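Read off the chains here:
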Amino acid sequence: MIGYIVRRIGVSILILFGVSLFIFALLHAIYPSPAIDVLGARANGALIKAFNKQNGFDDPWLVQYGRYIGNLLRGNLGYSYKLNQSVTSLINEVWARSAWLSGVSLVLSVVIAIPLGVYQAVRRNTIGDYVATGVAFSVYAMPVFFLGLILIQIFALDLHWFSFEGSQSTSVVGVIGDWHAMTLPVATLTLLTIASFSRYMRSTSMDVLAQDYIKVARAKGLPERLVLLRHLLRNACLPMVTLIGLSIPNLLAGNLITETLFNFRGLGLLFYTALQNVDYNVLLAYTLIGALLTIIGNLVADIALTVADPRIRLS
Amino acid sequence: MFQDGRRTRLARVGVAGAAALLAVGIAACTSSSGSSSPSSSSTASAGAGVAMTGQVGAVPDMATGAEKTGTVTVAAPPNSAPTWILPLVTGAADSVFDVDEFDYQMYRPLYWLVNGVEPTETPTMSLANDPTWSNGDKSVTFTLKSNYKWSNGDPITSADVLFWFYETKAALKESPANWAAYTPGLGVPDEVASISAPNATTVTMKLTKAVNPTWFMEDEIGDIQPWPSQAWNLDATGGKHITDWATNPADAKKIYDYLTVQSKSLSTYASNPLWQVVDGPYKLSAFTASTGAFTLVPNTTYGGPHATTESDVQFVPFTSDTAEYNALVDGSVDVGYVPLTNVPKLSTLTSKYNDFGYTDFGWNYVSYNFGDTTADFNNIIDKLYIRQALAHLEDEPGYIHAFFNGAGGQAFGPVPVLPKSPFTPATASTNPYPFSPSAASALLKANGWTVVPNGTDTCSKPGTGTGECGAGIPAGTKLAWNVDYVTDPAVIGEQVQDWASQAKTVGITMNLSSTNFDYAIANYNDPSSPKTVNKWAMDDFGGFTDSTYPTTFGVFNGPGSENLGDYNDPTANSLITSSISSPNPSAVTSEASYLTTQQPGLFQPNPDGGFGTASIVLWNKTISGSPQSFEGLTQDIWNPEYWFFTK
């Protein structure tokens, strides 16, 4: 296991380098220099040339990439000329907020979707199953923006039960404690995730329920509760482990729309702003973070699978 | 207006050395041996020949009764976070948010050149009296008013103006980009041969050559924001005060470098004692670097006009227009905006808010690239009849109705019809080329083109004679080229698509593509990006905000730093040069008139503006103040010092 993890980490580092090289080259091709951002739209060719020379933007792009990686290894993600702050401080300001929003949504989604999926499988083709399926399909088909707007209109603007915007606190502790402001953004993300997770869970549960060992367990007289908990749940959750691992980076990216709608500053919004501003260094840093999270999510999922299912051996 | 606040708006770029939103003073502004007040005939009648659409709502009179204080919450649009506090804004940080919403609240410019919606001076808000001219307009003198002082009790003196001047020179020596309003070789400081302070309140500038007094006052010295020479003359925190900045450029540079480092430290804006020395109506009491939220509290020593007791002002940033709209519906902000796309929903807000929409003083256009040689485009577009035909294909009233929801005004040249300016030419009030595809077709046919409706026209009569296509256009040349437009806001694309659609009906083929503002400015910009000169024929990125003396110097004279499409017309060059150098205070009117008829780009209608975007401004009905202070919001001018609560 340790050897496997070490090998995976080694491969992951190579993948990260590959991703960074690809993204750097791509960004460099469309946006070779931040000269106009720094110097203003009035900058003439001579001024731009002088800026590029002074700051190394006229070096070959591989040399610039090497310089970037060197800075990266020293913890320097570059500078945002548009926002006049270092990329590291920009990310530090918001990553915990995004992590909280994503984390709470993911936990709630798992806690609700798994039993819901099991219920639907056990009680399939009943009224309860049909209702849950209908709601899941409706929510899943709905764009996240639309769902959020509906929740805001009904629960914030009409009923005044919750705030129309996410927490404006700049501290994570403040965000965690502000349930009045965070309920709707969390609900928006959670509902959509439940809709998809519960469908997966229903499907895998139905597969497991058809297995012989379930029939044997029932034939032995085991209470249904124990059949579901000891035999069904553990086996049906295996695909969910992979799904959860791979959904971590998606949740961060999916946050963009939720953050924009609920006035909640997070990583997704930082990325979107950087995209509009062609804020080179922020785009690069965000992409690397996304790649890192994907790799970590994948690795965690693989390891979790071996823990959940001893039949799986990592080789 | 459309403004780059970055991001979500049409972009406006300050014209020719002027801070983006300073308005022009009129009659009282000039007094010299050779100048006279602008003639009233230069002011266009608002109703002459064009529908004056665009105004939405109205500004109520100031409430009488007790003036209560509180905290006014103001919605800050997406991407509007200030990123620079030193009152010498860099090119990178330049935006209406950084300058007007933030900087000007603390550090006032010498002249306050807007009065409500009108681009005219409000003398009581100017730090200096109007300048006097001598020596054939080569020498200018102005005196500082005695009622304004710094918040630490120091009077604002001529030394503070000189301090600004020498520090600006130090900044520009490091990089011309260190001051967004700087144009090399032009105006302040390059045309100032010497500057002196004969006494504590008087500043005299001797210039290298005679200038147009109106232009110099409104576009150049009007931009000056005095710096506190006794408080900021440091090269280190807690260091010794440097006094030889005027005579020792190295020391001036040290001061500038120190202040720049402090200005880059956003998290210390509210706590740094440097930034607590202000001459404006407000001081900064809180600033959140991660969000751009900030709070202003009244500067009790402010010497200008204001409400009996000023309220605090809290700028609340929003991540999207939707989130801001929800805040208005919820009633949790006092001052906000509604983008033009939401104008039909205004009625849901007017029970709680007053609303007002007015066009701002500026212009939007499609830039033509006179340097693009692809398929002889340069030889096509330099023909006036082609540009006239293109103008005939634009349906301004239709765009205002369909895309602006009625909240916009027509504009036919670089000086719009509204707001009224003393420099609006007579030609600006009537569309010289009204919407008429048949007129466009007739022009093309009359000049040797075979018009193929819904196809592509070709030149069938090459040559330079009457009825022929013109110089440089061989037989068979097609009227087909690419047109790029920025995608945000959507109204830009909507206008361009309709225009291209109309063009197709007379056989002009425009191949459309879209991009974002930053890419467009970086690449469809001949002075900055000569290598892409043949890759674009036309580009719509937005437009420019007029300074109150609305010369297009730098934009439509060749060569100009913002002459994106290399337009170069000797008559235009001469008129534009006269605008900034002749003694005629209304010289700019002739420039505007000529450009209106020449159409160096396709001038487009102006949407109602405010908050750096096309919008209707709203404010809580419990807030009152001078009507001009609310009207000014449409010009991106902020005067919350006049506001008070009525309950």
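Residues numbered from 1 in each chain as written. Chains lettered and ligands numbered in written order. Predicted model: local features only at pLDDT ≥ 70, side-chain atom pairs only at ≥ 80, totals over all residues.

> Can you break down the overall build of chain A residue by residue, with the values?
The helix and strand inventory of chain A stands at 13 helices and two strands. The principal-axis extents of the C-alpha atoms in chain A amount to approximately 85 × 55 × 30 Å. Counting all 315 residues of chain A, 38% fall into the buried class. The contacts of chain A with a sequence gap of at least 6 include a subset with a gap of at least 24, amounting to 69%. (Helix = DSSP H or I, 4+ residues; strand = E, 2+ residues; numbered from the N terminus. Buried ≥ 20, exposed ≤ 12 C-beta atoms within 10 Å, placed from the backbone. Contact = placed C-beta atoms within 7 Å.)

> Before we move on, can you summarise the overall build of chain B with the specific residues and values?
On a plain count of helices and strands, chain B comes out with 14 helices and 25 strands. Its C-alpha atoms give chain B a radius of gyration of 25 Å, within 12% of the compact-globule value 26 Å for 647 residues. For chain B, the residues scored as buried account for 61% of the 647 residues in total. Long-range pairs, those at least 24 residues apart, make up 72% of the contacts in chain B with a sequence separation of at least 6. (Rg over C-alpha atoms; globule rule 2.2 N^0.38 Å.)

> Summarise helix H2 (residues 158-174) of chain B; cite the residues concerned and give the values.
Given a rise of 1.5 Å per residue, 17 residues ought to cover 24 Å, and the 25 Å separating the end C-alpha atoms of H2(B) matches this to within 8%. The buried fraction of H2(B) is high, at 13 of 17 residues. (Expected span 1.5 Å × (residues − 1).)

> Requested: an account of the interface of chain A and chain B, with residues and values cited.
Facing the 34 residues of chain A at the interface are 38 residues of chain B. Among the residues making up the side of chain A that touches chain B, the classes are represented as 17 nonpolar, 11 polar and six charged. (Nonpolar A, V, L, I, M, F, W, Y, C, P; charged D, E, K, R; others polar.)

> Break down the domain arrangement of chain B for me, with residues and values.
Put simply, an interface is often sized by how much accessible area is lost when its parts join up. Residue and element names in this part refer to chain B. When the domains of chain B are assigned, the result is domain 1 (56-108 + 279-358 + 616-647) and domain 2 (362-607). Placing the centre of domain 1 and that of domain 2 at their C-alpha centroids yields a distance of 35 Å. At the interface, seven residues of domain 1 touch six residues of domain 2. Split into classes, the residues belonging to the side of domain 1 that touches domain 2 amount to six nonpolar, one polar and no charged. (Domains from an automatic or database assignment.)

> Can you explain the packing of helix H7 (residues 384-392) of chain B against helix H9 (residues 437-446) of chain B? Please cite residues and give values.
Residues and elements named next belong to chain B. Relative to each other, H7 and H9 sit at 165 degrees, their axes nearing to 8 Å. Considering the angle they form, H7 stands roughly antiparallel to H9. Crossing handedness for the pair H7 and H9: left-handed. Listed contacts from H9 to Tyr-385, Gln-388, Ala-389 and His-392 of H7 are Pro-437, Ala-439, Ala-440, Leu-443 and Leu-444. Of the residues in the contact of H7 with H9, the class split is seven nonpolar, two polar and no charged. (Axes fitted to C-alpha atoms, helices over the stretch in contact; angles between N-to-C directions. Parallel < 35°, antiparallel > 145°, perpendicular 65-115°, else oblique. Left-handed = near helix turned anticlockwise from the far one by under 90°.)

> Could you give an account of the domain arrangement of chain A, with specific residues and numbers?
All names here are of chain A. Considered domain by domain, chain A is made up of domain 1 (2-87) and domain 2 (96-291). Relative placement of domain 1 and domain 2: their C-alpha centres are 34 Å apart. On the domain 2 side, the residues contacting the 14 residues of domain 1 number 12 residues. Those elements that provide at least two residues to the side of domain 1 that touches domain 2 are helix H1 (2-30) and strand S1 (79-80). Considering every element that reaches the side of domain 1 that touches domain 2, the biggest residue donor is H1, with six residues.

> How would you sum up the nonpolar core? Please name residues and give values.
Counting residues in each nonpolar core, the largest one holds 249 residues, and the members touching the most others are A:Leu39, A:Leu270, B:Val74 and B:Ile616. It is helix H9 (residues 179-209) of chain A that provides the largest number of residues to this core, a total of 12 residues. When residues no more than four places from it in sequence are discounted, the contact partners of A:Leu39 are A:Leu47, A:Ile48, A:Phe51, B:Gly91 and B:Ala177. (Core = buried A, V, L, I, M, F, W, Y, C linked by C-beta atoms within 7 Å.)

> Describe unusual backbone geometry, listing the residues and the values that go with them.
All names here are of chain B. Pro-419 follows Leu-418 through a cis peptide bond whose omega is 0 degrees. With respect to the helices and strands, Pro-419 occurs in the loop between strand S14 (408-409) and H9. Across the junction of Asp-488 and Pro-489, the peptide omega takes the value 0 degrees, indicating a cis bond. The residue Pro-489 is located in the loop between strand S17 (480-486) and helix H10 (490-505) in this model. Positive phi values are uncommon outside glycine, yet Asn-454 reaches one of about 65 degrees. Along the polypeptide, Asn-454 turns up in the loop between strand S15 (449-450) and strand S16 (458-459). Take Asn-454: there are 9 C-beta atoms within 10 Å of it, and that puts it in the exposed class. Despite not being glycine, Asp-636 shows a phi value in the positive range, around 60 degrees. Looking at where Asp-636 falls in the secondary structure, it is placed in the loop between helix H14 (627-631) and strand S25 (644-645).

> Tell me about helix H12 (residues 570-581) of chain B, residues and numbers included.
All names here are of chain B. Helix length check: H12 (12 residues) gives 16 Å between terminal C-alpha atoms against 16 Å at 1.5 Å per residue, within 8%. For H12, the complete set of buried residues consists of Leu-575, Ile-576, Ser-579 and Ile-580. Here the buried residues of H12 occupy an arc of 135 degrees about the axis, which is enough to place them on one side. Facing away from the buried side of H12, by more than 90 degrees, are the exposed residues Pro-570 and Thr-571. Residues of H12 that are buried make contact with helix H3 (213-220) and helix H13 (587-598). (Arc of directions from axis to C-beta.)

> So what's going on with the pairing of strand S19 (residues 538-545) of chain B? Which residues, and what values?
Residue and element names in this part refer to chain B. Most of S19 sits inside the fold, with eight of its eight residues counted as buried. In the sheet, strand S13 (residues 362-368) pairs with S19 via six bridges, with the strands oriented antiparallel. Across the sheet, Trp-363 pairs through a bridge with Phe-544, a residue of S19. One ladder, built from three bridges, connects S17 with S19; its direction is parallel. Paired with Asp-484 across the strands is Asp-539, a residue of S19. (Pairing = 2+ DSSP bridges.)

> I'd love a proper account of the pairing of strand S7 (residues 202-207) of chain B, names of residues and values included.
In the case of a regular strand, side chains alternate between the two sheet surfaces. All names here are of chain B. With burial as the criterion, only one face of S7 is covered, namely that bearing Val-203, Met-205 and Leu-207; the residues Thr-202, Thr-204 and Lys-206 on the opposite face remain uncovered. Taken together, the five bridges between strand S5 (residues 139-143) and S7 define a ladder with antiparallel strand orientation. Bridging across to S7, Phe-142 finds its partner in Val-203. Note that strand S6 (residues 192-199) and S7 share five bridges and pair antiparallel. Opposite Ser-196, over in S7, you have Thr-204 as the bridge partner. Between S6 and S7, which follow one another and run antiparallel, lie two residues.

> Could you give an account of the sheet that holds S6(B), with specific residues and numbers?
Residue and element names in this part refer to chain B. Reading across the sheet, the four strands line up as S4-S5-S7-S6 and stay open at both edges, with antiparallel pairing between neighbours. If you trace the sheet from one side to the other, it starts and ends with strand S4 (132-134) and S6, each paired once. For this sheet, the mean inter-axis angle between neighbouring strands, taken without regard to orientation, is 20 degrees. Of the strands in this sheet, S6 and S7 are in contact with H2, which crosses S6 at around 160 degrees.

> Any details on the environment of A:Asp302? Residues and values, ideally.
Residue and element names in this part refer to chain A. Counting through the fold element by element, Asp-302 comes out in helix H13 (residues 280-308). Looking at Asp-302, the number of C-beta atoms within 10 Å reads 17, which means it is partly exposed. Separated by 61 residues in the primary sequence, Asp-302 and Val-241 have C-alpha atoms spaced 8.3 Å apart.

> Account for the environment of A:Leu116, with residues named and values stated.
Residue and element names in this part refer to chain A. For Leu-116, the position within the fold is in helix H5 (residues 87-122). Distance in space between the C-alpha atoms of Leu-116 and Asp-129 is 9.3 Å, their sequence separation being 13 residues. Ignoring anything within four residues of it in the chain, the contact list for Leu-116 reads Ala-132 and Ser-198.

> Can you tell me about the confidence of the model for chain B, naming the residues and giving the values?
All names here are of chain B. Across chain B, pLDDT averages 89, with 92% of residues at or above 70. Every residue in residues 1-52 is under pLDDT 50, and counting partners more than four places away or in other chains gives 210 contacts. The ipTM, which scores confidence in the relative placement of chains, is 0.82 for this predicted complex, and the corresponding pTM is 0.86. (pLDDT = per-residue confidence, 0-100.)

> Any details on the environment of B:Trp245? Residues and values, ideally.
Residue and element names in this part refer to chain B. Checked against the element boundaries, Trp-245 lands in the loop between H3 and helix H4 (249-264). Note: C-alpha distance between Trp-245 and Tyr-166 (79 residues apart in sequence) is 7.0 Å. Trp-245 has contacts with Phe-163, Tyr-166, Glu-167, Asn-233, Asp-251, Ala-252 and Ile-255, leaving out every residue within four places of it along the chain.

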